[in-house]
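Results of the structural survey
The lines below spell out each chain.
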Amino acid sequence: MSGPVADEPILSVRNLYGRIAGQQVVEDVSFDVPATGVTALLGRNGVGKTSTIKSILGLIDRTGEVRLAGERIDRAPTHRIVQRGVAYVPEDREVFGSLTVAENLRLAERDRSPRRELVASLFPDLEARREQRAGTLSGGQQQMVSLARALVNENRLLLVDEPTKGLAPRIVDEVADALAEAARTAPILLVEQNLLVVRRLAERVVVLSSGRVVFTGPAEELLDDHDRVQRFLGVHDEREAA
Amino acid sequence: MDTLVLLLITGLGLGALYFLVASGLSLIYGLMGVLNFAHGAFLTIAAFLGWEAGRRISDGTWTGLAISALVGILVGATVAVLTEVLIIRRLYERHIEQALVTVGISLAAVALFEGIWGTDPIYTDRPAWLTQTTEILGARIPNDRFLLIACAALVLGGIVLFLRRTRYGLIIRAGVENRHMVTALGIDVRRSFTLVFAIGGAAAGLGGVLASVYYGYVSAHLGSVLLIFAFIVTVIGGLGSLTGAAIASVLVAVLQQFANFYLGGTGDLVVVVLLAAVLLIRPRGLMGKAA
Ligand SMILES: Nc1ncnc2c1ncn2[C@@H]1O[C@H](COP(=O)(O)OP(=O)(O)OP(=O)(O)O)[C@@H](O)[C@H]1O
Ligand SMILES: [Mg+2]
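What counts as what
Residues numbered from 1 in each chain as written. Chains lettered and ligands numbered in written order. Predicted model: local features only at pLDDT ≥ 70, side-chain atom pairs only at ≥ 80, totals over all residues. Heavy atoms only, no water. Helix = DSSP H or I, 4+ residues; strand = E, 2+ residues; numbered from the N terminus. Rg over C-alpha atoms; globule rule 2.2 N^0.38 Å. Buried < 20%, exposed > 50% of the residue type's maximum accessible area, 1.4 Å probe, protein only. Donors = N, O, S within 2.8 Å, 3.2 Å for Na, K, Ca; no water. Pairing = 2+ DSSP bridges. Core = buried A, V, L, I, M, F, W, Y, C linked by side-chain atoms within 4.5 Å. Contact = heavy atoms within 4.5 Å. Buried area = accessible area lost by both parts, 1.4 Å probe. Salt bridge = Lys/Arg side-chain N within 4 Å of Asp/Glu carboxyl O. Axes fitted to C-alpha atoms, helices over the stretch in contact; angles between N-to-C directions.

**Remarks on the overall build of chain B**
Scanning chain B for helices and strands turns up twelve helices and four strands. Taken over C-alpha atoms, the radius of gyration comes to 19 Å for chain B, in line with the 19 Å a tight globule of 291 residues would show. Overall, the C-alpha framework of chain B stretches about 55 × 45 × 35 Å when taken along its three principal axes. Counting all 291 residues of chain B, 54% fall into the buried class.

In structure tokens, the structure reads:
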């Protein structure tokens with residue numbers, strides 16, 4: 001396999017528009033995700049972060065140009081995009097509650113040799129609960145299942161939507177650890193409200209405001225600028241946001 | 001006592017027919033959100049073609065019936081798959097259009113069947129044993145009830161095993177819960193749509209042949225009547241739940257039998273009252289997922 005050119009972004013999004021039930025929820029969004037590290041997608045509640053990710057995956061109607069390592073994926077159906085190595089960890093986890101943990105993971109295995117040991121070492125908790133129905137797990141454990149479903153395959157890109165939402169601080173750290181580990185194997189586009197997690201994981205940020213990109217650049221440049229943090233994200237600084 | 005036993009076993013036999021239709025309806029709705037009004041037509045065409053094949057080879061014998069069943073299953077599955085591939089698939093996610101087009105198919109199918117086989121029921125020959133009775137606790141039970149119950153139990157067991165033990169079964173169970181997340185794991189869920197239609201069509205096809213055994217005739221309207229009760233069963237059991245469909249099939253059919261006998265032939269009315277009660281008190285049905 002010939003790898004991408006060193007500086008070529010793994011994902012490039014140009015003039016992306018997304019619609020849900022006829023309503024425009026993503027408007028002319030353009031940005032790149034570099035081939036390594038974590039890129040955070042930020043913005044106030046309801047600004048269209050989740051919709052942007054769903055548009056990239058074709059989970060909602062979209063137009064525009066999306067390239068994965070240079071190849072167009074904006075007309076492909078969702079399952080084909082995922083088969084090309086794009087893993088998705090949705091907001092609110094979306095584990096299959098009536099299926100066991102083991103079945104959730106088995107369903108997600110796309111590769112001939114799934115990385116079961118990696119998943120087991122990242123989430124030892126899940127090993128003990130393989131036969132438990134995912135619907136009866138705690139929120140944190142469900143998030144582990146959702147992450148494990150993504151990490152069990154080799155991916156070229158991870159799309160991770162608010163993985164720490166509603167979790168206790170200790171679990172937030174665990175999730176962040178797992179993401180840091182995952183980022184060593186594949187680039188991540190991460191939606192995250194917790195700015196401490198963003199600061200820890202992300203090198204770059206993309207900020208959306210009313211459906212459009214209003215800032216792209218190094219994470220520190222944004223996070224150190226309290227004025228812009230407040231203007232773009234509606235929080236005063238990361239100590240309060242955490 | 002003997003009346004109770006007779007009503008109970010007859011109810012179970014009728015429930016078996018309902019289940020053979022309702023299992024497919026429930027799976028199809030659960031996975032795809034499609035209310036398949038064409039399901040009765042799958043049953044009727046399978047009953048006719050199964051009967052045509054069986055009587056030509058060996059009328060009124062077990063061999064003939066086995067051939068009818070086999071042909072019925074194949075015809076039911078084939079017609080269902082064609083319906084999915086040629087029509088339903090093109091209306092992906094457009095649930096109202098899908099429901100309307102299946103209503104159209106069911107109406108057109110009845111007209112077509114009447115054109116070919118006439119408007120009157122055609123009485124069929126059955127193996128002698130099926131027309132005899134067996135005494136259980138003093139009740140003389142028509143033997144065809146046992147065949148129906150056994151077949152439905154086999155189908156239920158088979159579908160459950162398939163859902164629990166195979167990868168496609170896993171995909172279907174997950175898809176019933178959250179179709180979009182299944183695609184987001186890189187799985188082409190549309191392939192399991194076709195498969196679910198095949199399974200549902202096969203069960204309905206077998207149901208068609210067994211219905212002709214139970215009623216003693218084939219007719220262009222065989223499927224329409226069973227479809228109504230199968231839909232009621234599916235709603236009471238909880239749309240999308242196979243277990244719910246199985247339980248509700250037995251419940252509805254037994255209740256129907258008892259009301260017909262003890263409440264002056266009000267079986268259908270009682271079933272509709274039960275349906276209304278379930279819709280008011282527990283709209284998601286006995287085993288349906290919460291809305
Ligand atoms: N199913 C839907 N039907 C109609 N509008 C929707 C639907 N889902 C989202 N929207 C609208 O789309 C816009 C963007 O929503 P989206 O979920 O993408 O925002 P978000 O940035 O992810 O928000 P949050 O930070 O709360 O997760 C919102 O105005 C929302 O109301
Ligand atoms: Mg969101």
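**Quick notes on the coordination of the magnesium ion (ligand 2)**
Residues and elements named next belong to chain A. Coordination of the magnesium ion (ligand 2) by the protein involves Thr50 (OG1) and Glu91 (OE), with metal-donor separations of 1.9 to 2.5 Å. Placement of the pair is Thr50 in helix H1 (residues 49–57) and Glu91 in the loop between strand S6 (86–89) and helix H3 (101–108), with a sequence separation of 41 residues. Each of the two residues, Thr50 as well as Glu91, counts as buried.

**Remarks on the pairing of strand S9 (residues 202–209) of chain A**
All names here are of chain A. Pairing of strand S3 (residues 38–42) with S9 involves five bridges; the strand directions are parallel. In the strand pairing of S9, Leu42 is matched with Val207. As judged from the six bridges shared by S9 and strand S10 (residues 212–218), these two strands associate in the antiparallel manner. Its bridge partner lying in S10, Leu208 is registered against Val213. From the end of S9 to the start of S10, which pair antiparallel, there are two residues, and Ser210 there has a positive phi angle of about 35°.

**Re the nonpolar core**
In this structure, Leu11(A), Ile56(A), Leu57(A), Leu107(A), Phe123(A), Leu159(A) and Ile188(A) are the most contacted members of the largest nonpolar core, which totals 162 residues. If we skip the residues at most four places from it in the chain, Leu11(A) touches Phe31(A), Asp32(A), Val33(A), Ile56(A), Val66(A), Arg67(A), Leu68(A), Ile73(A) and Leu157(A).

**Quick notes on the interface of chain A and chain B**
Contact residues are listed per partner, giving 20 residues for chain A and 17 residues for chain B. Between chain A and chain B, a total of about 1700 Å² is buried, with carbon and sulfur atoms accounting for 61% of that surface. Summed over the shared surface of chain A and chain B, the result is one salt bridge. Glu103(A) is the partner of Arg173(B) in a salt bridge, and the nearest nitrogen-oxygen pair spans 2.9 Å.

**Side note on the sheet that holds strand S1 (residues 11–20) of chain A**
Residues and elements named next belong to chain A. Read across the open sheet, the four strands follow the order S2-S1-S4-S5; overall the sheet is antiparallel. With partners counted over all chains shown, the strands left at the sheet margins are strand S2 (23–33) and strand S5 (71–72), one partner each. As defined by bridge partners, S1 adjoins S2 across seven bridges and the pair is classed as antiparallel. Paired with Gly18 across the bridge in S2 is Val26.

**A short note on the sheet that holds S10(A)**
Residues and elements named next belong to chain A. Here six strands make up an open sheet; going across it, the order is S6-S7-S8-S3-S9-S10 and the pairing mixed. If you trace the sheet from one side to the other, it starts and ends with S6 and S10, each paired once. On average, each strand axis in the sheet is inclined to that of its neighbour by 15°, with strand direction left out of account. Where S3 and strand S8 (residues 188–191) come together, four bridges link them in parallel fashion. Residue Val38 lies in a different strand from S8, and its bridge partner there is Ile188.

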